[in-house]
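Structural features, examined
Listed below are the residues making up each chain.
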Amino acid sequence: MTFALEFQDLTLGYDRHPAVHRLCGTITEGSLTAIVGPNGAGKSTMLKGVVGTLRPLAGQIAFGGLAQDDIAYLPQQSDVDRSFPIAVADLVAMGLWREVGGFGALRAAHRARVAEAISAVGLEGFGKRPIGSLSGGQMQRALFARLLLQDARLVLLDEPFTSVDTRTMADLIVVVQRWHGEGRTVLAVLHDFDTVRAHFPRTLMLARELVAHGPTPQVLTAENQFRARQMCEACAGPPHTCGRDAA
């Protein structure tokens, strides 16, 4: 099996204070992996390091043949500006930027693909609505539709099911499983262990440092969860001790 990502003694942080410290391990190509850990464990920081918005303080991330264009990233909803005056269809169409460029015109074939992606996430008829009018679940569906059009080999999801209703979560899990079935590599930051156990075969548990990584039943043990909480509590002091808090 080939790897999609390899963490090589990776340290990430803010203002030179580590939030993820000396992480080692590999993410197998085509795997479906949940990233879990207590608040402040460095989960979101890890994804930012992979996507390239945060440079390593030490170590590096090796990409198994992946280019930057091969990575699709869904940030937390709180990081998305929903006041921006844009319609759902235009937001989703941003997933085609690799094909049309920043200023390229959409052809009829492109618009058909946008409509298909919108329909695939259950938002048929919402294309002309401003994103500011959407509920949290509807907005997440629209962001997933944009990811569908990016057609990326590596998909990074930061808390994709937070603040969405049960039906929306079930529909979006179907999309995630579709990506997995297509051989794409998916990493998702999650908090609900029942969801992880039910739908994610592999899990990586962080507590600023690696706690465990492997098949989900072997990682989500009471012992590992207790150890992770202890590790994060030990780093709950001033920033100069353990770095800025990061999800």
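Everything numeric here is computed off the predicted structure, so don't read it as measured data.

The rules behind the values
The residue numbers shown here count from 1 along each chain, following its written sequence. Local features in this predicted model are restricted to residues whose pLDDT is 70 or higher, and side-chain atom pairs enter the listing and the counts only when it is 80 or higher, whereas totals over whole chains, interfaces and linings include all residues. In computing side-chain values, all of the structure's heavy atoms are included and hydrogens and water are not. The nonpolar core is taken to be a set of buried Ala, Val, Leu, Ile, Met, Phe, Trp, Tyr and Cys residues, with the residues joined through side-chain atoms within 4.5 Å. Per-residue accessibility, obtained with a 1.4 Å probe over protein chains only, is compared with the maximum for each type, and a residue is labelled buried under 20%, exposed over 50%, and partly exposed between these values. A run of H or I in DSSP becomes a helix once it reaches four residues, and a run of E becomes a strand once it reaches two; helices and strands are each numbered from the N terminus. We call two residues contacting when some pair of their heavy atoms lies within 4.5 Å. We treat two strands as partners when DSSP finds at least two bridges between them. Two rings from Phe, Tyr or Trp (for Trp, the six-membered ring) form a pair when their centres are within 6.5 Å of each other. A pair whose planes differ by under 30 degrees is stacked, one over 60 is edge-to-face, and the rest are tilted. We call a charge positioned over a ring when the NZ of a Lys or the CZ of an Arg lies within 6 Å of the ring centre and within 35 degrees of the ring normal. Given the number of residues in a helix, its expected span is that number minus one, multiplied by 1.5 Å. The reported arc concerns the directions from the helix axis to the C-beta atoms and nothing else. In what follows, salt bridge is the name for a side-chain nitrogen of Lys or Arg lying within 4 Å of a carboxyl oxygen of Asp or Glu. Comment: axis = line fitted to C-alpha atoms, over the contacting stretch for helices; angle = value between 0 and 180 degrees taken between N-to-C directions.

1. Brief notes about the nonpolar core
Within the largest apolar cluster, 79 residues are counted, with the highest numbers of intra-cluster contacts made by Phe7, Phe144, Leu156, Leu157, Val176 and Trp179. Considering every element that reaches this core, the biggest residue donor is helix 5 (residues 136–150), with eight residues. Apart from the residues within four sequence positions on either side, Val176 is in contact with Leu32, Phe144, Leu157, Phe161, Val186 and Phe200.

2. Description of the pairing of strand 2 (residues 17–28)
Pairing of strand 1 (residues 3–14) with strand 2, which is carried by eight bridges, proceeds in the antiparallel orientation. Residue pairing in the sheet places Tyr14 in a bridge with His17 of strand 2. Where strand 1 folds back onto strand 2 in an antiparallel hairpin, the turn is made up of two residues, including Asp15, whose phi is positive at roughly 55 degrees.

3. Some points on the packing of aromatic side chains
For the coordinates displayed, the defined rule picks out one aromatic pair. For the pair Phe144 and Trp179, a centre-to-centre distance of 5.6 Å together with 20 degrees between the ring planes defines the contact as stacked. Here Phe144 is found in helix 5, whereas its partner Trp179 is found in helix 6 (residues 166–181), with 35 residues between them in sequence. With a relative accessible area of 0%, Phe144 lands in the buried category. Take Trp179: its relative accessible area is 3%, and that puts it in the buried class. A cation over an aromatic ring shows up here: Arg129 above the ring of Phe126, its NZ or CZ 4.1 Å from the ring centre.

4. Points about helix 9 (residues 222–234)
In this model, helix 9 (13 residues) spans 18 Å end to end at C-alpha, consistent with the 18 Å of a helix rising 1.5 Å per residue. Regarding helix 9, the residues found buried are Asn224, Gln225, Ala228, Met231 and Cys232. On an axial view of helix 9, the arc spanned by its buried residues comes to 125 degrees, and they lie on one face. Exposed and facing more than 90 degrees away from the buried side of helix 9 are Ala222, Glu223, Glu233 and Ala234. Against helix 7 (193–199), strand 8 (202–207), strand 9 (209–215) and helix 8 (216–219) lie the buried residues of helix 9.

5. Description of the pattern of salt bridges
Summed over the entire model, instances satisfying the criterion amount to eight salt bridges. With a closest N to O distance of 3.0 Å, Arg22 and Asp9 form a salt bridge. Of the two residues, Arg22 sits in strand 2 while Asp9 sits in strand 1, which places them 13 residues apart along the sequence. Judged by its relative accessible area of 52%, Arg22 is exposed. As a salt-bridge pair, Glu182 and Arg178 come within 3.4 Å of each other at their nearest N and O atoms. For Glu182, a relative accessible area of 42% translates into the label partly exposed. Through salt bridges with shared partners, a single ionic network connects Asp151, Arg178, Glu182 and Arg184.

6. Here's the deal with the sheet that holds strand 1
The antiparallel open sheet is built from three strands, whose spatial order is 2-1-4. Strand pairing shows two members of the sheet lacking a second neighbour, strand 2 and strand 4 (58–63), which therefore form its edges. Across the sheet, the mean angle from the axis of one strand to that of its neighbour is 15 degrees, orientation sign disregarded. In this sheet, strand 4 lies alongside strand 1 in antiparallel orientation, the contact comprising five bridges. Paired with Glu6 across the bridge in strand 4 is Ala62.

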